[in-house]
Amino acid sequence: MDTITWADETVRADLAAVREQSPFIYGLTNFVAANLSANALLALGAGPAFGAAPGWTASFPAGASGVFINGASLMSAATPEQLLEAAATAQAAGTPWVLDPVAVGAGAPAYDEVMTALLAHKPSIIRGNASEVAALAGGAGGSGVDSTLDSSEVVDVVAQLASQLGAVVAVSGPVDYISDGTRTVAVPGGSAFMPRVTGTGCSLGAVNAAFLAVTNPFDAAVAAHVVYAEAGERAGARSTGTGSFAVAFVDELSNL
Amino acid sequence: MDTITWADETVRADLAAVREQSPFIYGLTNFVAANLSANALLALGAGPAFGAAPGWTASFPAGASGVFINGASLMSAATPEQLLEAAATAQAAGTPWVLDPVAVGAGAPAYDEVMTALLAHKPSIIRGNASEVAALAGGAGGSGVDSTLDSSEVVDVVAQLASQLGAVVAVSGPVDYISDGTRTVAVPGGSAFMPRVTGTGCSLGAVNAAFLAVTNPFDAAVAAHVVYAEAGERAGARSTGTGSFAVAFVDELSNL
Amino acid sequence: MDTITWADETVRADLAAVREQSPFIYGLTNFVAANLSANALLALGAGPAFGAAPGWTASFPAGASGVFINGASLMSAATPEQLLEAAATAQAAGTPWVLDPVAVGAGAPAYDEVMTALLAHKPSIIRGNASEVAALAGGAGGSGVDSTLDSSEVVDVVAQLASQLGAVVAVSGPVDYISDGTRTVAVPGGSAFMPRVTGTGCSLGAVNAAFLAVTNPFDAAVAAHVVYAEAGERAGARSTGTGSFAVAFVDELSNL
């Protein structure tokens, strides 16, 4: 399996394209991670707008260059119908989109059904932690929003799910794995602080959408994860706790 | 056109009044900008309460000394009816209020209708970016929540809209312009980091409401924009990225 | 009355237990305080999940080791029925839970009724500021979310309310007071920056739930308040404004 890092030329070119094109990224996300997600997108040069205000889910996904739908947006005044409308609008307009099925499989079937229904609208990228990926593939989920598996335990599941769904699937963990069903690559790096800062996973879903605006789904997912891992590593090296890490991480994203 | 900066005695006196009176400011805002908006108000000495919990929109605007309504609160479990109730309650109680019509004109007519309906309840100040001000005046809007125009392109529109609506209108940009229809002033300053940090515009709407509690709408809007520009400039001078800018900005607001 | 500080061995042992067990804490909270609340829990080693997505209020409180319900979650797409369902689910499963009746008594009877109805599901800990505690005991409330009383003015009310409700009651202020109706203790410390940073009170509600996962309600409330006061004092000593305080506070929680 290939390992891809910040030394990769394609990743750097993709980031330069985001900064140059400043794509409009529309997202539905939860209120815990919204601020960090918007700041991560702005730090990379994208222009975010979030939320399901009246008429937005029917129009903004069509005008956007990339869309992401975070399942936990269902706790933020977005209804299942609005999530499905946003996904359908993106699909109809040809806007590539990212599905982040937060906490799928964690014990709430009504919620899981919405996540499964979204798959019909063909996300380009599906990202999650190891328990979420395992649950989507029919296995057991985790506890709340946290994974009870390590990413290395689901590498085969990632490739199989990508093949089955015809999408790029990415799993986060100490090492991230990304597959389109044919190729699977590893992205190391990041920081031990990352799982201890809320919203880092959700924000990564947003960042995937920014790269979808400038390249194909596989390269987009790889670039998003590499940029994230590199900024996380740099931020971790100069942080004195989880609070200062969150600040340094956005700084590093803005300076990459 | 006059230019007003932090050297202005009236601005400083108005800030001192906010710190001394600690006015209760009630707002409806979105979940991306809520945290920064509350911290900006607290940093200046005001006491914020946000949101549309049961009964709040019918009572809190009457007890508050200033109110702000951010259109994107419609993505945060506040209904159009609750926004209108908050505006009507403020109007009936004589509480001055600020309208921030985020993303008006960006392509969602159902949303735009709510923004227009709010005007009937006579906001004292309307603030937005150049595309939002242009859209309110009948022109084309921007893309998502970002402006596709520079503030300098809408100076005449600002004055005309203020005259037409009988309100103070303020537009944000590299230079801010504020008009009551008769006088128009320019407020320079701020930082290039500001448009790259989420919620800076929305928080400015909240800060306008804090100054409405202590002075007339024109002076309130001027003071809010000057204080914002000065804190932004100071924070920008000592920040190493967009993450540290957001922190330094609140620090500077708290220390002005 | 005894005074308890970070020198206390039981408090340190309880914090060590949270870090070791990493309890899953489920909460309903508002969108202003959600980010800080999640980061405070993560900084102490707990695993948070928040919000009322479909099915979550009926299942997550049963799987969690501690639950907290913040009244202002009613402004965040959680309905009164969902708050009551979360409380009932926690009660039925034997999961101890914290009630934080934000702004109760501040002038919205419809909201206050929900807070009172929640008491029937037997919270283990009730926390608030002095005005909220006074309002729950039948007195006058404050203005918005801020207290108009000092914590020292309600020490007797805290003890009486604890006895009446059969719960631990804790009031925040320059000195915090905690009572189970029989014993009342004082927790000094913290920082003058704390009431000037949004969400510090709400996050304390979340932290109480983390300690409920590892010890009895009285010791849990004491440990939560002492840890908070100690981290606040350390953060205050090295902060240059309210923005940097918020960051340093999370750092200190993560390093205690």
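Residues numbered from 1 in each chain as written. Chains lettered and ligands numbered in written order. Predicted model: local features only at pLDDT ≥ 70, side-chain atom pairs only at ≥ 80, totals over all residues. Heavy atoms only, no water.

### Points about the overall build of chain A
Tallying secondary structure elements over chain A gives 10 helices and nine strands in all. For 256 residues, the compact-globule formula gives about 18 Å, and the C-alpha radius of gyration of chain A, at 16 Å, lands near that figure. Dimensions along the principal axes, computed over C-alpha positions, put chain A at roughly 45 × 35 × 35 Å. Evaluated residue by residue, chain A yields a buried proportion of 64% over its 256 residues. Summed over all atoms, the accessible surface of chain A reaches about 7800 Å², with 51% contributed by carbon and sulfur. Measuring between centres, the 8 positive side-chain charges of chain A sit 7 Å from its 22 negative side-chain charges. (Helix = DSSP H or I, 4+ residues; strand = E, 2+ residues; numbered from the N terminus. Rg over C-alpha atoms; globule rule 2.2 N^0.38 Å. Buried < 20%, exposed > 50% of the residue type's maximum accessible area, 1.4 Å probe, protein only. Areas by Shrake-Rupley, 256 points an atom, 1.4 Å probe, with all protein chains shown as cover. Lys, Arg positive; Asp, Glu negative; His and termini not counted. Charge placed at Lys NZ, Arg CZ, Asp CG, Glu CD.)

### What to know about the interface of chain B and chain A
Contact residues are listed per partner, giving 29 residues for chain B and 30 residues for chain A. Interface of chain B and chain A: buried area, both sides summed, is about 2200 Å²; carbon and sulfur atoms make up 63% of it. Area buried by chain B at its contact with chain A is led by Phe31, Met75 and Arg196 of chain B, which between them contribute 26% of it. Counting every contact that joins chain B to chain A gives zero salt bridges. Viewed at the interface, chain A and chain B are joined by 12 residue pairs in polar contact (both at pLDDT 80 or more). Mapped onto the side of chain B that touches chain A, the elements with two or more residues apiece are helix H5 (109-118) and helix H10 (242-255) of chain B. Take the side of chain B that touches chain A: its biggest share by element is four residues, from H10 of chain B. (Contact = heavy atoms within 4.5 Å. Buried area = accessible area lost by both parts, 1.4 Å probe. Salt bridge = Lys/Arg side-chain N within 4 Å of Asp/Glu carboxyl O. Polar contact = N/O pair within 3.5 Å; in protein donor to acceptor, adjacent residues only side chain to side chain.)

### Remarks on the sheet that holds strand S7 (residues 168-172) of chain A
Residue and element names in this part refer to chain A. If you walk across this open sheet you meet the nine strands as S1-S9-S8-S7-S6-S5-S4-S2-S3, and the pairing is mixed. Lying at the two open borders of the sheet, with one neighbouring strand each, are strand S1 (2-3) and strand S3 (47-50). In the packing of helix H9 (residues 217-237) onto the sheet, the strands contacted are strand S6 (125-129), S7, strand S8 (176-179) and strand S9 (184-187), and the crossing angle to S8 comes to about 170 degrees. (Pairing = 2+ DSSP bridges. Axes fitted to C-alpha atoms, helices over the stretch in contact; angles between N-to-C directions.)

### Things to note about the relation of the copies chain B and chain A
Put simply, the second copy of the chain is the first one after a rotation about an axis and a shift along it. Once chain B is rotated about the relating axis by 120 degrees and shifted along it by 0.0 Å, it coincides with chain A to within an RMSD of 0.0 Å. Overall, the copies show the geometry of a three-fold rotation axis. Across chain B, the smallest distance between a C-alpha and the rotation axis is recorded for Ala77 of chain B, namely 2.8 Å. Little of the interface of chain B is mirrored in chain A, where only 14% of its interface residues are also at the interface. (Least-squares fit on C-alpha atoms with pLDDT ≥ 70 in both.)

### Some details on the interface of chain B and chain C
Taken residue by residue, the interface counts 30 residues in chain B and 29 residues in chain C. Around 2200 Å² of area is buried between chain B and chain C when both sides are counted, 63% of it from carbon and sulfur atoms. When residues of chain B are sorted by the area they lose upon contact with chain C, Leu42, Pro54 and Trp56 of chain B head the list and together hold 24% of the total. Our count for the chain B to chain C interface comes out at zero salt bridges. Inspection of the region where chain B meets chain C yields 12 residue pairs in polar contact (both at pLDDT 80 or more). Those elements that provide at least two residues to the side of chain B that touches chain C are helix H2 (34-43), strand S3 (47-50), helix H3 (56-63) and H10 of chain B. Looking at the side of chain B that touches chain C residue by residue, the classes come out as 17 nonpolar, 11 polar and two charged. (Nonpolar A, V, L, I, M, F, W, Y, C, P; charged D, E, K, R; others polar.)

### Looking at the relation of the copies chain B and chain C
Here chain B sits on chain C after a turn of 120 degrees about the axis and a move of 0.0 Å along it, with an RMSD of 0.0 Å. Comparing interface residues between copies, only 13% of those in chain B also lie at the interface in chain C; the contact surfaces differ.

### Thoughts on the nonpolar core
It is characteristic of soluble globular proteins that their nonpolar side chains tend to be buried jointly. Membership of the largest hydrophobic core comes to 307 residues, with the highest contact counts inside it found for Trp56 and Phe211 of chain A, Trp56 and Phe211 of chain B together with Trp56 and Phe211 of chain C. Excluding anything up to four places from it in sequence, Phe211 of chain B contacts Asp14, Leu15, Val18, Leu44, Ala220, Ala223, Ala224 and Val227 of chain B. (Core = buried A, V, L, I, M, F, W, Y, C linked by side-chain atoms within 4.5 Å.)

### Thoughts on the UniProt feature "binding site: substrate" (unreviewed entry) in chain A
Residue and element names in this part refer to chain A. UniProt records the feature "binding site: substrate" (unreviewed entry) for Gly199 in the present numbering. Relative to the elements of secondary structure, Gly199 occurs in the loop between S9 and helix H8 (200-212). Note on Gly199: relative accessible area 12%, which makes it buried. What Gly199 contacts, discounting residues up to four positions off in sequence, is Ala33, Leu36 and Tyr228. (UniProt positions renumbered as here; feature names shortened; annotations may be inferred.)

### Looking at the pairing of S8 of chain A
Residue and element names in this part refer to chain A. Residues Asp176 and Ile178 of S8 are buried on one face, and the alternating residues Tyr177 and Ser179, pointing to the opposite face, are buried as well. Strand direction decides the pairing type here: S7 and S8, joined by three bridges, are antiparallel. In the strand pairing of S8, Val171 is matched with Tyr177. Taking the residues between adjacent antiparallel strands as the criterion, S7 and S8 are bridged by three residues.

### Here's the deal with helix H5 (residues 109-118) of chain A
Taken residue by residue, H5 of chain A has Tyr111, Asp112, Val114, Met115 and Leu118 of chain A as its buried positions. When H5 of chain A is viewed along its axis, its buried side chains cluster within an angular range of 155 degrees and face the same direction. In H5 of chain A, the exposed positions that point more than 90 degrees away from the buried face belong to Pro109 and Glu113 of chain A. Tucked inside the fold, the buried residues of H5 of chain A contact strand S4 (66-70), helix H4 (80-93) and strand S5 (97-100) of chain A together with helix H3 (56-63) of chain C. (Arc of directions from axis to C-beta.)

### Remarks on the environment of Phe60 of chain C
For Phe60 of chain C, the location among the structural elements is in helix H3. Under the relative-accessibility criterion, Phe60 of chain C is labelled buried at 2%. Apart from the residues lying within four places of it in its own chain, the contact partners of Phe60 of chain C are Ala106 and Gly144 of chain A together with Phe24 and Tyr26 of chain C.

### Quick word on the packing of aromatic side chains
The description of two aromatic rings rests on the distance between their centres and on the angle between their planes. Counted under the stated rule, the structure contains 24 aromatic pairs over all chains. When the centroid spacing of 4.8 Å and the interplanar angle of 80 degrees are considered together, the rings of Tyr228 of chain A and Phe249 of chain A count as edge-to-face. Of the two residues, Tyr228 of chain A sits in helix H9 while Phe249 of chain A sits in helix H10 (residues 242-255), which places them 21 residues apart along the sequence. In this pair, the class of Tyr228 of chain A matches that of Phe249 of chain A, namely buried. Here a set of aromatic residues connected by ring pairs shows up, and it is made of Phe24, Tyr26, Trp56 and Phe60 of chain A together with Tyr111 of chain B. In this arrangement the basic side chain of Arg183 of chain B is found over the ring face of Phe218 of chain B, its NZ or CZ atom lying 3.9 Å from the centre. (Phe/Tyr/Trp six-rings, centres within 6.5 Å; stacked < 30°, edge-to-face > 60°. Lys NZ or Arg CZ within 6 Å of the ring centre and 35° of its normal.)

### A short note on the sheet that holds strand S6 (residues 125-129) of chain C
All names here are of chain C. Within the open sheet, the nine strands sit side by side as S1-S9-S8-S7-S6-S5-S4-S2-S3. Their pairing is mixed. Each having just a single partner strand, strand S1 (2-3) and strand S3 (47-50) make up the two edges of the open sheet. Sheet strands touched by H3: strand S2 (24-28), S3 and strand S4 (66-70). Its angle to S2, the strand with the most contacts, is close to 145 degrees.

### Section: the pattern of salt bridges
Residue and element names in this part refer to chain A. Enumeration over the complete set of coordinates arrives at 15 salt bridges over all chains. Here Glu252 makes a salt bridge to Arg238, at a shortest N to O gap of 2.8 Å. Here Arg238 lies in the loop between H9 and H10 and Glu252 lies in helix H10, a separation of 14 residues in the sequence.

### Comments concerning the environment of Ala209 of chain A
Residues and elements named next belong to chain A. Here Ala209 lies in helix H8. Classification of Ala209 as buried rests on a relative accessible area of 0%. Ala209 sits 140 residues away from Ile69 along the chain, and the two C-alpha atoms are 9.5 Å apart. When residues no more than four places from it in sequence are discounted, the contact partners of Ala209 are Ile25, Gly66, Val67, Phe68 and Val98.

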